[in-house]
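# Report on the structure
So you can see what is in the structure, the chains are spelled out below.
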Amino acid sequence: GMSLKPGSHLDAVMALSWNKSYRQALASGSADNSVKVWDVTNQACLHTFSHHRDKVQCVSGHPTNAWMLATGSFDQTVGLLDCRTDGSTAASIGISADIEDMCWDPFNTNLLYASMENGTVTCVDIRQTSSAMFSFEAHTEGVASISFSPLVPSMLVTASADQTVKVWDTSTAPTPQCVAYKSMGVGPLFTVQYYPDQPFLMAA
């Protein structure tokens, strides 16, 4: 059998995120309730964070702050932690259901969006972590995936188990406007992402 590296997760790995500043650093979230940061050059576990009480579904490194990592768990919280610490001071923001996906607003990197299995999308402002900033009902079923256009400010796409993709204008928050809607006709959708070089092209 395959020998695992010291510090390896004890259950399924559910999420990965590269550090955009330090390309050798990879964060992982697991069904063992932990978040780990790895140095892939020497395949060593640098840190283990245990601030969640249930499976960790999402991890996402901040676009510009090399030390900040957002985490999302089935304990119905979003965590914000400084990877230079032991994680005991991680901020914890309550959300209304189990998380499915999360992404940063590329044009306002203080804002983190999280989508949930109850069809809701919630926005967290990392400068004000006592509670979420706003939430809106995006779909009638779970929102499996969300993505911001890297080229068009405030353009967010959501993909759902209800088989539809919706495009939102978040500049009208706290009530984002749905500006486009399409039934893909292929069954439940699990992931959606904007193409990096074309403002209006996405894949689901």
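The structure under discussion appears in the preceding block.
Our subject in this report is the structure included herewith. Everything numeric here is computed off the predicted structure, so don't read it as measured data. (Residues numbered from 1 in each chain as written. Predicted model: local features only at pLDDT ≥ 70, side-chain atom pairs only at ≥ 80, totals over all residues. Heavy atoms only, no water.)

### Focus: unusual backbone geometry
Omega for the peptide link from Ala173 to Pro174 comes to 15°, which places this bond in the cis form. On the secondary structure map, Pro174 appears in the loop between β15 (164-169) and β16 (177-183). In the Ramachandran plot, Gln163 falls in the positive-phi region, its phi being about 75° despite a non-glycine side chain. (Helix = DSSP H or I, 4+ residues; strand = E, 2+ residues; numbered from the N terminus.)

### What to know about the packing of aromatic side chains
Summed over the entire model, instances satisfying the criterion amount to four aromatic pairs. Ring geometry for Tyr113 against Phe134: centres 6.1 Å apart, planes inclined by 75°, an arrangement best described as edge-to-face. Linking Tyr113 in strand β10 (residues 111-116) with Phe134 in strand β12 (residues 134-137), this pair joins segments that are 21 residues apart in sequence. Exposure class is identical for Tyr113 and Phe134. Each is buried. Consider the rings of Tyr113 and Phe148, whose centres lie 5.0 Å apart with planes at 70°: the pair is edge-to-face. (Phe/Tyr/Trp six-rings, centres within 6.5 Å; stacked < 30°, edge-to-face > 60°. Buried < 20%, exposed > 50% of the residue type's maximum accessible area, 1.4 Å probe, protein only.)

### A word on the nonpolar core
Counting 17 residues, the largest nonpolar core has Ala70, Val78, Leu80, Ile99, Met102, Trp104 and Leu112 as the members making the most contacts within it. Residue contacts for Ile99: discarding those within four places in its chain leaves Gln57, Cys58, Gly72, Ser73, Phe74, Val78, Ala114, Ser115 and Met116. Core analysis: the next-biggest nonpolar cluster, separate from the first, contains 13 residues, Ala138, Ile146, Phe148 and Trp168 among them. (Core = buried A, V, L, I, M, F, W, Y, C linked by side-chain atoms within 4.5 Å. Contact = heavy atoms within 4.5 Å.)

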